[in-house]
Amino acid sequence: MSDNRLVADWFHLYSDSIYTFLVYRMGSADVEDLVQEVFIRALNSLDSFEGKANPKTWLYSIARNLALDELRKMKRSRWFNTSFSSIRHEGASFETPESLYFLNEGSRELLAVIQNLKSNYRDVLILKGVNDFDVKETATILGWTENKVRITYHRACKKLQSITGGYPNEES
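This one's a predicted model, so the numbers in the text were calculated from it and none came from an experiment.

**A look at the packing of helix H7 (residues 135-142) against helix H8 (residues 146-164)**
Close contact between H7 and H8 brings their axes to 8 Å; oriented N to C, the two are set at 100°. Comparing the axis directions of H7 and H8 gives the class roughly perpendicular. Residues Val135, Lys136, Thr138 and Ala139 of H7 pack against Glu146, Val149 and Arg150 of H8.

Encoded structure:
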């Protein structure tokens, strides 16, 4: 099978779940370009994919790294561009109603809470809690040990509990 066909098959299988992951990770529903970039990067670095990992976990690793890069760019850009506008828009949300259009109210509330957590908590909650990856897959995507995933997930759930009063499903 050609590389293009293989990545096209992966796109059909995983693009929706990658899209959902990026929506939660980026805090915006406007991530179509990032989804495409994940698969472009996969195609360009297919020779480094050794087949030891599940293609889905490899793609999620690419998506996570891409999201981190984009968030860093946004922070740098925001720092330069918002010194005065942040004063004018104090208290305004960076999310617009349009960007959250496809999410239901409960998802929007969860997204808002998750977005305010530290990065490690966000990543593990989105992967394990929202996308339902198991501990091993989550560890592979994040480049962590399985034990670190379990501990961080437990702590992230406790943090969510303290903020929301609820407790997400916590299975190891």
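**Section: the confidence of the model for the protein chain**
With 74% of its residues at a pLDDT of 70 or more, the protein chain shows a mean pLDDT of 77. Here helix H4 (residues 85-88) stands out as the element of the protein chain with the lowest mean pLDDT, 28, in contrast to H7, whose mean of 94 is the highest. With pLDDT under 50 throughout, residues 78-100 is counted as low confidence; its partners more than four residues away or in other chains account for 10 contacts.

**What about the packing of aromatic side chains?**
Applying the stated criterion to the full structure yields six aromatic pairs. Between phenylalanine 49 and tryptophan 58, the aromatic rings sit 4.7 Å apart at their centres with planes inclined by 40°, giving tilted as the arrangement. Judged by its relative accessible area of 17%, phenylalanine 49 falls in the buried class. Each residue in the set Trp10, Phe49 and Trp58 is aromatic and connected to the rest through ring pairs, giving one cluster. It is lysine 118 that lies over the ring of tyrosine 121; its NZ or CZ is 4.7 Å from the centre. Residue placement shows lysine 128 over the ring face of tyrosine 153; its charged tip is 4.5 Å from the ring centre.

**What about the environment of leucine 34?**
Position of leucine 34 among the secondary structure elements: in helix H2 (residues 32-44). Separated by 11 residues in the primary sequence, leucine 34 and valine 23 have C-alpha atoms spaced 9.9 Å apart. Setting aside residues no more than four positions away along its own chain, leucine 34 makes contact with Leu22, Met26, Leu66 and Glu70.

Definitions and cut-offs
Residues numbered from 1 in each chain as written. Predicted model: local features only at pLDDT ≥ 70, side-chain atom pairs only at ≥ 80, totals over all residues. Heavy atoms only, no water. Axes fitted to C-alpha atoms, helices over the stretch in contact; angles between N-to-C directions. Helix = DSSP H or I, 4+ residues; strand = E, 2+ residues; numbered from the N terminus. Parallel < 35°, antiparallel > 145°, perpendicular 65-115°, else oblique. Contact = heavy atoms within 4.5 Å. pLDDT = per-residue confidence, 0-100. Phe/Tyr/Trp six-rings, centres within 6.5 Å; stacked < 30°, edge-to-face > 60°. Buried < 20%, exposed > 50% of the residue type's maximum accessible area, 1.4 Å probe, protein only. Lys NZ or Arg CZ within 6 Å of the ring centre and 35° of its normal.

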